[in-house]
Amino acid sequence: VQLQASGGGLVQAGGSLRLSCAASGVIYRINSMGWYRQAPGKQRELVARFSSEGSSTYDDSVKGRFTISRDNAKNTVYLQMSTLKPEDTAVYYCNAVITGATSIHTYWGQGTQVTVSS
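In this report, we go over the structure that sits alongside the text. (Residues numbered from 1 in each chain as written. Predicted model: local features only at pLDDT ≥ 70, side-chain atom pairs only at ≥ 80, totals over all residues. Heavy atoms only, no water.)

1. Considerations on the pairing of strand S9 (residues 90-99)
Moving on, step 1. Burial runs high along S9: eight of the ten residues are buried.
Moving on, step 2. Across nine bridges, the pairing between strand S4 (residues 29-38) and S9 is antiparallel. Residue pairing in the sheet places Ile 30 in a bridge with Ile 98 of S9.
Moving on, step 3. Relative to strand S11 (residues 112-117), S9 is paired through three bridges, and the arrangement is antiparallel. The residue of S11 that forms the bridge with Val 91 is Gln 113.
Moving on, step 4. Inspection of the sheet shows S9 paired to strand S10 (residues 104-108) by five bridges, in the antiparallel sense. The residue bridging Asn 95 from the neighbouring strand is Trp 108, located in S10.
Moving on, step 5. Hairpin connection from S9 to S10: four residues lie between these consecutive antiparallel strands. (Buried < 20%, exposed > 50% of the residue type's maximum accessible area, 1.4 Å probe, protein only. Helix = DSSP H or I, 4+ residues; strand = E, 2+ residues; numbered from the N terminus. Pairing = 2+ DSSP bridges.)

Now the structure itself:
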C-alpha cells in the first residue's frame, strides 16, 4: 500500500489550500485515514481524520477552518484548509490504517510542506 499526498505550497495568511491523499495497493478496508502535521521542533500532531464508521475528528486549532472529506471510490481523502495562519506552517502527513490481505498496518505518506506567510 502506498499513500500519495499532494497539494502543499506557500500561501499568505488568510488564504486557502487543499491537500489530497490517495491510497493505492491491496486494500480490503480503510479503518481510518486523515492528516497529521509536524512543525519544526514540535511533535507530530493530528489535524483531522475519518474513522471507519465515517465520523471525523479535528484538532481544536483547526475546527471551523479546515474540512476533511473523502472519495471512497478513489480511496482518497482531502483536506480543505481555509483562513490559514502562520502557525499552520508544517509538513503535513497523510496517515491511514488499512486492512490488507492478511494484516492491518499503519501507513504514512511522504509529507507535503505547507507554509503560511504573515
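2. A closer look at unusual backbone geometry
Moving on, step 1. Positive phi is not limited to glycine here, since Asn 75 has a value of about 50 degrees.
Moving on, step 2. Within the secondary structure, Asn 75 sits in the loop between strand S7 (66-71) and strand S8 (76-81).
Moving on, step 3. The class for Asn 75 is partly exposed, based on a relative accessible area of 25%.
Moving on, step 4. Phi angles above zero are rare outside glycine, and Thr 83 is one such case at about 45 degrees.
Moving on, step 5. Relative to the helices and strands, Thr 83 is located in the loop between S8 and S9.

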